[in-house]
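Residue-level structure breakdown
One-letter residues, chain by chain:
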Amino acid sequence: MDKHQLPDLIINGVSGGAGGTYNNVNMDGVGKVVGPIVARMFKGNGHMNLNDDLAAEEAECNGVIKVMGNMRFGTLKVGGVLNVGKSFRGESCTLNGMVSVKGDCELEDFVGEGSFSVGGLLSAGHVDFKLQSQGKANEIGVESLVIRQVNNGFWSKMFSGIIPKLRPELCARTIEGDFIDVEYTTADIIRGNIVIIGPGCTLGRVEYREQITVHPEAKVGKVEKVGE
Amino acid sequence: MEDDLISKKQLLDLTGISYGQLYRWKRKQLIPEEWFIRKSTFTGQETFFPKEMILSRIHNIVNMKEGLSLDEMADKLSDKASFEKVSVTAKEILERNIVSTITLRKFGKSLGDESIYTFEGLVHLFAVDRLLSAGEMSMEEAELLFRTLEEKVSRLESGSWELFFVRKMGVSSFILAQAPAELWFDEGVRLVSKMTYADLIEQLKGKLAYKLVE
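Only a predicted model underlies this, so the values are computations on that prediction, with no experimental measurement involved.

We now examine the packing of aromatic side chains. Under the counting rule described, the total for this entry stands at 8 aromatic pairs over all chains. With centroids separated by 4.6 Å and ring planes inclined at 15 degrees, the aromatic side chains of F165 of chain B and F174 of chain B adopt a geometry described as stacked. The class of F174 of chain B is buried, set by a relative accessible area of 13%. Each residue in the set F110, F116 and F129 of chain A is aromatic and connected to the rest through ring pairs, giving one cluster. K26 of chain B extends its terminal NZ or CZ atom over the ring of F36 of chain B, reaching a point 4.6 Å from the ring centre. Against the face of F48 of chain B rests K39 of chain B, its NZ or CZ located 6.0 Å from the ring centre.

Written out as structure tokens, the structure reads:
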């Protein structure tokens, strides 16, 4: 970045702003930004609409944030709901709430609790996620994937029966990775080196190279060892 | 077309890399997005790759890995400019077996300075050498090919080309086309060989990668 001091963008209350390159972006309340934002530090609280790309070295999103374009970041913390219209790319993402991405999602570390939905490919180094409601991706390609279900209380159990979207489970078409440890997962195919299938899984086909463990309560169509 | 593709499963078996590595390299843009080709097969949708390009690219990555971090490598591999600056001496070419002695003796001199070769010049030598050493082309044809490449390639806009080597009733000719090109020939024509610029530079990059790591 340039040596000279970059301006800050501060939105308080109900207001709007323009895109551009900023040092700090602080948004509280209800806001709308027209144009792409590049910032060193991005903080959004409340209800924000960004109608273009967002790039930030550090980002924190609390509340309901909507990014219509692509999102790039170094580290990101989400508390609340984040919607991304196109692709989502960064180093690490800590989630406590919900992320929904229309395009591809590329991360090195993805940890958190809550739910996510990825329209395209979820590609990550490490995914460690506790599902509170549905996690969804078209394809998943990872080095390691650990999916757990949070012990849910009476109310969420009751609601999940009525609304399938609230059922805490992972849905994907294919899951590929070196180390896969999942429970409550529905997928057509899982391919991996070491695969651990926990309770509540419904899988069409599992291909493994080294090691496999299948929980007796899992439904697996076909298990096959490949390679060698 | 089918022969030019390799499925993801075959690729992993062949190269011994893992899913994680493949996805990681893709994330780091070491493997271009366009190379991931989706096709439906009877087991569902599968991913395929252009065979020659992906194999030489993976070979490059594995060989460069020791000296460089993934990010540095991504910069180098995607940055064509850094390869274009590379120049190689005749001695190195022979030592590293990039181009055979015969090809170098015959065509090397016409590239100007005898002892130093630029990347572009080397691509042409490499192309000629590949066909010659595969035994598909006579020396006279090689001369024709080399002249064609030297004169005509610079006229192509994007710098990306495909070369078709055809023979009909013993008469051979070269067709140079802007990539991606699809040509159809009449029945009497035999397509002896087809080369793409992208393939060539990918292989050449592998042979020259040591230059960048130093």
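Structure shown, so let's carry the discussion forward.
This part takes up the pattern of salt bridges. Summed over the entire model, instances satisfying the criterion amount to 23 salt bridges over all chains. Linking R24 of chain B and E143 of chain A is a salt bridge whose minimum nitrogen-to-oxygen distance equals 3.9 Å. Taken together, the positions of R24 of chain B in helix α2 (residues 19-27) and E143 of chain A in strand β5 (residues 105-149) put the pair across two chains. Owing to a relative accessible area of 25%, R24 of chain B belongs among the partly exposed residues under this scheme. Exposure remark for E143 of chain A: the relative accessible area of 19% places this residue in the buried category. With a closest N to O distance of 2.6 Å, K8 of chain B and E176 of chain A form a salt bridge. Placement of K8 of chain B in helix α1 (residues 8-15) and of E176 of chain A in strand β6 (residues 170-182) is noted, with the two residues assigned to different chains. What makes K8 of chain B buried here is its relative accessible area of 4%.

Cut-offs used in this document
- Residues numbered from 1 in each chain as written.
- Chains lettered and ligands numbered in written order.
- Predicted model: local features only at pLDDT ≥ 70, side-chain atom pairs only at ≥ 80, totals over all residues.
- Heavy atoms only, no water.
- Phe/Tyr/Trp six-rings, centres within 6.5 Å; stacked < 30°, edge-to-face > 60°.
- Buried < 20%, exposed > 50% of the residue type's maximum accessible area, 1.4 Å probe, protein only.
- Lys NZ or Arg CZ within 6 Å of the ring centre and 35° of its normal.
- Salt bridge = Lys/Arg side-chain N within 4 Å of Asp/Glu carboxyl O.
- Helix = DSSP H or I, 4+ residues; strand = E, 2+ residues; numbered from the N terminus.

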